[in-house]
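# Architecture at a glance
These are the residues of each chain, in order.
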Amino acid sequence: MKKSAFQLVVLLTLGVSCLQFQSCKEEQRVIKPMVIEFKKEAELVLKNANDSIIKKLDIEIADDEYKTQTGLMYRDQMGELQGMLFVFPDEDFRSFYMKNTNIPLDIIYIDADKKIVSFQKNTQPNNETSLPSNAPAKYVLEINAGLADEWQLEVGDKMEYIKVE
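The rules we used
Residue positions are given per chain, counted from 1 along the sequence in the order it is written. Confidence filtering applies because this is a predicted model: local features only for residues at pLDDT of at least 70, side-chain atom pairs given and counted only at 80 or more, and all residues used for totals across whole chains, interfaces and linings. The basis for every side-chain value is the complete set of non-hydrogen atoms in the structure, without hydrogens or water. Each residue is placed in one exposure class: buried if its accessible area under a 1.4 Å probe, protein chains only, is under 20% of its type's maximum, exposed if it is over 50%, and partly exposed if it falls in between. Counting from the N terminus, the helices are the DSSP runs of H or I reaching at least four residues and the strands are the DSSP runs of E reaching at least two. Paired strands, as defined in this entry, are two strands with at least two bridges between them according to DSSP. Whether two aromatic rings pair depends on their centres lying within 6.5 Å, for rings of Phe, Tyr and Trp, where Trp uses its six-membered ring; planes under 30 degrees apart make the pair stacked, over 60 edge-to-face, and the rest tilted. Two conditions define a charge sitting above a ring: the NZ of Lys or the CZ of Arg must be within 6 Å of the ring centre, and it must be within 35 degrees of the ring normal. Throughout, a contact is declared for two residues whenever any of their heavy atoms are within 4.5 Å. Each patch is built from salt-bridge-free residues with over 30% relative accessible area, joining like charges within 9 Å and nonpolar side chains (Val, Leu, Ile, Met, Phe, Trp, Tyr) within 5 Å. Calculation of accessible area relied on Shrake-Rupley with a 1.4 Å probe; when residues are assessed, cover is drawn exclusively from the protein chains displayed. Should a side-chain nitrogen of Lys or Arg be within 4 Å of a carboxyl oxygen of Asp or Glu, the pair is scored as a salt bridge.

### Observations concerning the pairing of strand E1 (residues 42-47)
Of all the six residues making up E1, five are buried; the element is thus mostly covered by neighbouring parts of the structure. Pairing analysis gives six bridges linking E1 to strand E2 (residues 53-62), with the strands arranged antiparallel. If you follow Ala 42 over to E2, its bridge partner there is Ile 59. Between the end of E1 and the start of E2, which pair antiparallel, lie five residues, with Asp 51 showing a positive phi angle near 70 degrees. Bridging between E1 and strand E9 (residues 158-163) involves six bridges; their strand directions are antiparallel. Across the sheet, Lys 47 pairs through a bridge with Lys 158, a residue of E9.

Below you can see the structure in the form of structure tokens.
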């Protein structure tokens, strides 16, 4: 009788320990998604050929290797009047893709004179297909998909930007 009571106590203790361990194990599996917040680094103005303002945007700037490689990856949203401007050291043919980019974008290629030279509109999220420029570009502006058409942007329109503190 003593032996079976002892076995029962051992089994109950082991059972409670297993439940506690399992509970801790489940808590460790919870992965919180990383939220990347927009950080305004500059103000950008889009103008038509007559120098009339089309839109003003708050932008983040990607001007180093890490930022140009990651761009807007892993983000789930971007405000309508927000964007990302990629600044390259030289003017050349560019090609982007949407790997790990969760929001559809309009990609606007801009030359060294800050004039729009080509577009890739309504890109598909998480698609690794190459999205090339049709002409050499020094800058690339990414905005939410559909805005280039809504704002009636055209090849030859211009952009200016000023960094903020």
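Moving on, there is more to tell.
### Some thoughts on the packing of aromatic side chains
Under the defined criterion, the tally for this structure stands at four aromatic pairs. Judged by centre distance (4.9 Å) and plane angle (90 degrees), the rings of Phe 86 and Phe 96 are edge-to-face. Highlighted residues: Phe 86 in strand E3 (residues 82-92) and Phe 96 in strand E4 (residues 95-96), separated in sequence by 10 residues. Phe 96 matches Phe 86 in its accessibility class, with the two residues each being buried. Ring centres 6.1 Å apart and planes at 70 degrees place the aromatic pair Tyr 139 and Tyr 161 in the edge-to-face group. Taken together, the positions of Tyr 139 in strand E8 (residues 137-144) and Tyr 161 in strand E9 put the pair 22 residues apart, joining distant regions of the chain. On the basis of relative accessible area, Tyr 139 is assigned to the buried category, the value being 6%. Grouping aromatic residues by their ring pairs yields a cluster made of Phe 86, Phe 88, Phe 96 and Tyr 109. One cation-aromatic arrangement involves Arg 94 over Phe 88; the distance from NZ or CZ to the ring centre is 4.0 Å.

### Observations regarding the environment of Ile 36
With respect to the helices and strands, Ile 36 occurs in the loop between helix H1 (2-28) and E1. Note on Ile 36: relative accessible area 32%, which makes it partly exposed. Through-space distance from the C-alpha of Ile 36 to that of Asp 76 is 8.7 Å; in sequence the pair is 40 residues apart. Contact partners of Ile 36, with chain neighbours within four places excluded, come to Met 73, Tyr 74 and Arg 75.

### So, a nonpolar patch on the surface
Side chains of Met 34, Ile 36 and Tyr 74 sit close together on the surface and give an oily, nonpolar patch of about 320 Å² of accessible area. Inspection of the secondary structure assignment puts Tyr 74 in the loop between helix H2 (65-70) and E3. You can call Tyr 74 partly exposed: its relative accessible area is 43%.

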